[in-house]
Amino acid sequence: MRFHEEIKDRHCHLRNLVSVDGLNRAILKCIFERADRIRNNKDKYNNLLEGRLIGSIFCEPSTRTRCSFSAAIQRLGGKVIEISGEDSSTKKGESFSDFVKTIECYTDAIIIRNSTAGSLKELKGINVPIINAGDGVGEHPTQALLDIYTIRRERGTVNGLTICLVGDLKHGRTVHSLAKLLALYNVRLRYVSPKNLRIPQEIWKYVEQLGVEQTEHTDLDEVLDKVDIIYMTRMQRERFNTAVEYEGVKGSYVIEPKMLNKAKENVVIMHPLPRLDEISPELDNDPRAAYFRQMKNGMYVRMALLDLIFNQ
Ligand code: CP
């Protein structure tokens, strides 16, 4: 019996992950439980992707998503072709769609980071699984999965928590996917951002329809003592039209050790990373700082996701 047969979950199917729309609690549970099993028995599961070759297309910079996917694939016994937009024939004018179609010819699945929101949803006629590794200011579904997995590991459950998303909520694709996915749970959401970087209406409405309580704030101090999770994000310099606009909001929210005196004792500090100045490095060794654990969790969640896609 192949090892993956031991971890087969009924009613748990996933072929593509282009958006978090359509995911449900049962699929999330299945991914998280697989991630735990793989993490606790690494050697046992090192052949789950044997014979699989996966394409990894990154048209925007990445350290964590690209490397953790590559590590996940190789740790499961698969192989990966990595190509950046910069090195590809799109530089000669080839369309994004033809670029992806080309990689499809050589691989069994494709992981894609692209700079245009919604561009993966528009791809037609691709017959291998596609995983969205971040589409501009759109979504970052695998980040949201690893964020929720981290909350579960840090707090034991997601239900009942008040979660505060802080920073550039307009351009932050991680918070777009995370807010939508958190809305599947019994949570309260607090959005803290400058007025010009509020959570998009489309995300607000999506969460509202699922009946989750949400409020908006410009001052982190208003909610600091009431929240269980503080999810910091950076101001996304590369998304602003002008340097002046960016300079106007840079440094709006910075978490420092003394601020946490006001927070709950067991508050969890998260960040999708990379960070700029929004979390003081002095906090890095504080047990409440979960962002490096969160980053490591990403590899196990991506292993579980790939296993689910290929092995059901
Ligand atoms: N969190 C995240 O997506 O990081 P990278 O941009 O380094 O992949």
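Preceding block: the structure.
This report concerns the structure included in the present document. (Residues numbered from 1 in each chain as written. Predicted model: local features only at pLDDT ≥ 70, side-chain atom pairs only at ≥ 80, totals over all residues. Heavy atoms only, no water.)

**Describing the side chain of Thr 162**
Stage number 1. As for its position among the elements, Thr 162 is in strand β5 (residues 162-166).
Stage number 2. There is a polar contact of 2.8 Å between the side chain of Thr 162 and the side chain of Arg 188.
Stage number 3. The contact partners of Thr 162, leaving out residues within four places of it in the chain, are Arg 188, Arg 190, Lys 226, Val 227, Asp 228 and Ile 229. (Helix = DSSP H or I, 4+ residues; strand = E, 2+ residues; numbered from the N terminus. Polar contact = N/O pair within 3.5 Å; in protein donor to acceptor, adjacent residues only side chain to side chain. Contact = heavy atoms within 4.5 Å.)

**Side note on the sheet that holds strand β9 (residues 268-270)**
Stage number 1. One open sheet accounts for five strands, arranged β7-β6-β5-β8-β9; its pairing is parallel. Edge strands, defined here as strands with exactly one partner in the open sheet, are β7 (213-217) and β9. Neighbour to neighbour, the strand axes of the sheet diverge by 15° on average, direction disregarded.
Stage number 2. Strand direction decides the pairing type here: β5 and strand β8 (residues 229-232), joined by four bridges, are parallel. Within β8, the position partnered with Cys 164 by the bridge is Ile 230.
Stage number 3. Of the strands in this sheet, β5, β8 and β9 are in contact with helix α5 (residues 141-155), which crosses β9 at around 160°.
Stage number 4. The strands touched by helix α6 (residues 173-182) are β5, β6 (188-192) and β8; relative to β5, the strand with the most contacts, the crossing angle is about 165°. (Pairing = 2+ DSSP bridges. Axes fitted to C-alpha atoms, helices over the stretch in contact; angles between N-to-C directions.)

**Notes on the state of the cysteines**
Chemically, a disulfide is nothing more than a covalent bond linking the sulfur atoms of two cysteines.
Stage number 1. A full pass over the atoms with the stated rule returns one disulfide.
Stage number 2. Residue pairing for Cys 12: its cysteine sulfur links by disulfide to Cys 30, the two sulfurs lying 2.3 Å apart. An S-S torsion of about -110° defines the bridge between Cys 12 and Cys 30 as left-handed. Here Cys 12 is found in the loop between α1 (3-6) and α2 (25-40), whereas its partner Cys 30 is found in helix α2, with 18 residues between them in sequence. (Disulfide = S-S within 2.5 Å.)

**As for the sheet that holds strand β3 (residues 109-114)**
Stage number 1. Ordered by their spatial adjacency, four strands build an open sheet running β2-β1-β3-β4, and the pairing between neighbours is parallel. The sheet is open, and its two borders are formed by β2 (79-84) and β4 (130-135), each paired with just one other strand. Neighbour-to-neighbour, the strand axes of the sheet open up by a mean angle of 15°, direction not taken into account.
Stage number 2. Examined bridge by bridge, β3 and β4 share four bridges and lie parallel to one another. Across the sheet, residue Ile 111 finds its bridge partner in β4, namely Ile 131.

Read these as spatial facts, not as claims about activity.
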